[in-house]
Amino acid sequence: MFESVPAALRLTIDGDALAANWRWLRARGGEAACGAAVKADGYGLGARGVVDRLAREGCRDFFVSSWAEAAALGPMPEGVALSVLHGVREADMPAALSGIARPVLNSAEQVARWKAAGGAACDVMIDTGINRLGLRPEEAGVLAGLEIETLMSHLACADEPDHPMNERQLARFRQVRAAIPAKRYSLANSAGICLGKKYAFGVTRPGLALYGGIPVIGHSVQEQGLRPVAAVETEVIQIRQVEAGETVGYGATWQAHHPTKVAILNVGYADGILRQFAEHLPIRVGDQVFGMIGRISMDLIAVDVTDHDHVVITEHDGEGWTSHKRLRTPANVREGDWLTLPLHLPWLSRSTTLSQYELLTTLGHRYQRRWT
Ligand SMILES: *Cc1c(COP(=O)(O)O)cnc(C)c1O
């Protein structure tokens, strides 16, 4: 028979960029340890690969949402802790008691459940204003007797540095810290780290920024010193010549004004390349950039790869794409070539109104992940 079929679609993950982003975030947090949120399968990039790479860098604290995610992740490297943010339902108890991770207890019910089961070391979430998960500070009495490893809270508006909510939550969290004993305290996600060291406490919990997202609204890539981590690479599965007057794709929305060489690529909206990306996502072959034409299909996109001797070169300057015309040697794209779709998250987010989180976590499951 056969071993496996090589995918015509790859997600290339730059492990050095991931590690550099983590070190940058750690430095911003001062004395605090720097953890990593790897929920939603490492924001779409593959939680296992992220854990292994960051554990080698020295990361000792990882966070997933659910026990299903903790189980899927498999054993943690030696000396590395995993926390499950969504607490423990009754159905989670066998997994939780197996010791694969620590629960982050969010409610009085969960605290009671954990205590009744013996109450080993756990984490606790206190809600300081986001009103999502966590005990209210005034409910803290129920925590007496628990062995709390990390006491945490989560910021609602950290991506807006001037939002009054940040200072308000910081003040509440300081009161919580004074009142509830725990080994360590934790408040900051990626954007929280960027608010300054006073938000870092004992351990930080970045997610988005690790993966090349820009956590603070309005900041540029350079300002933040973060590097893009993921790129989509897809194979050309057919080249076709389209005559003037013919159309390409569903809805016949694009019409050729002159004979056009079209590459059909093995990627589509089922892989997170959503229909509204069409005008915003450049396709790269070497140093040349091409544009998509027509509608994006579930599994296919079309790209104009006509060999003009002039081409509009589009370059990313960290803030956006700028275009200029220059002479080029024809790329001569052929069936079997690989083309790259660079995922510049802040820019793509601004152009599509999707959040950088949505852009990453909707990439889908058909990619063969390749670490470089
Ligand atoms: C997702 C999450 C994080 C990471 O947030 P980013 O904005 O991706 O850095 C941290 N803490 C909690 C509780 C989370 O749910």
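Labelled according to an unreviewed UniProt entry, the protein appears under the name alanine racemase, originating from Sphingomonas chungangi. UniProt's Catalytic activity (unreviewed entry) comment on the protein is quoted here verbatim: "L-alanine = D-alanine".

1. What about the sheet that holds strand S4 (residues 61-64)?
Within a sheet, each strand pairs with its neighbour through backbone hydrogen bonds, oriented either parallel or antiparallel. Read across the sheet, 7 strands follow the order S3-S4-S5-S6-S7-S8-S9 without closing on themselves; strand pairing throughout is parallel. Two strands lie at the open edges of the sheet, namely strand S3 (36-37) and strand S9 (184-186), each paired on one side alone. Across 2 bridges, the pairing between S3 and S4 is parallel. Note that in S4 the partner of Ala36 across the bridge is Phe62. Each of strand S6 (102-105) and strand S7 (122-125) is contacted by helix H6 (residues 108-116), which is oriented at about 145° to S6, the strand it contacts most.

2. A few points about the site of the ligand
Around the ligand, a shell composed of 14 residues is seen, among which Lys39, Tyr43, Ser190, Leu208 and Tyr357 lie nearest. Between the ligand and His154, the relevant distance is 3.4 Å, taken from a nitrogen atom to a side-chain nitrogen or oxygen of the residue. Gly207 is positioned with one of its backbone polar atoms (N or O) 2.8 Å from an oxygen atom of the ligand. Relative to its free-state accessible area of 390 Å², the ligand is covered by the protein chains to the extent of 93%.

3. Some remarks on unusual backbone geometry
Of note in the backbone geometry, Tyr43 takes a positive phi value of approximately 50° without being a glycine. Structurally, the position occupied by Tyr43 is in helix H2 (residues 39-43). Backbone geometry places Asn131, a non-glycine residue, at a positive phi of 50°. Judged by its relative accessible area of 58%, Asn131 is exposed.

4. Describing the packing of helix H1 (residues 15-28) against helix H3 (residues 47-57)
Packed helices, taken two at a time, are described by the angle their axes make and the gap between the axes. Running from N to C, H1 and H3 cross one another at 55°; their axes reach a closest spacing of 10 Å. Viewed along their axes, H1 and H3 adopt a mutual orientation that is oblique. Between H1 and H3 lies a crossing whose hand is right-handed. Only Val50, Arg53, Leu54 and Glu57 of H3 make contact with H1, whose side of the interface consists of Gly15, Asp16, Leu18, Ala19, Trp22, Arg23 and Arg26. Across the contact of H1 with H3, the residue classes break down as 5 nonpolar, 1 polar and 5 charged.

Quick notes on the rules
Residues numbered from 1 in each chain as written. Predicted model: local features only at pLDDT ≥ 70, side-chain atom pairs only at ≥ 80, totals over all residues. Heavy atoms only, no water. UniProt positions renumbered as here; feature names shortened; annotations may be inferred. Pairing = 2+ DSSP bridges. Helix = DSSP H or I, 4+ residues; strand = E, 2+ residues; numbered from the N terminus. Contact = heavy atoms within 4.5 Å. Axes fitted to C-alpha atoms, helices over the stretch in contact; angles between N-to-C directions. Near = heavy atom within 4 Å. Polar contact = N/O pair within 3.5 Å; in protein donor to acceptor, adjacent residues only side chain to side chain. Areas by Shrake-Rupley, 256 points an atom, 1.4 Å probe, with all protein chains shown as cover. Buried < 20%, exposed > 50% of the residue type's maximum accessible area, 1.4 Å probe, protein only. Parallel < 35°, antiparallel > 145°, perpendicular 65-115°, else oblique. Left-handed = near helix turned anticlockwise from the far one by under 90°. Nonpolar A, V, L, I, M, F, W, Y, C, P; charged D, E, K, R; others polar.

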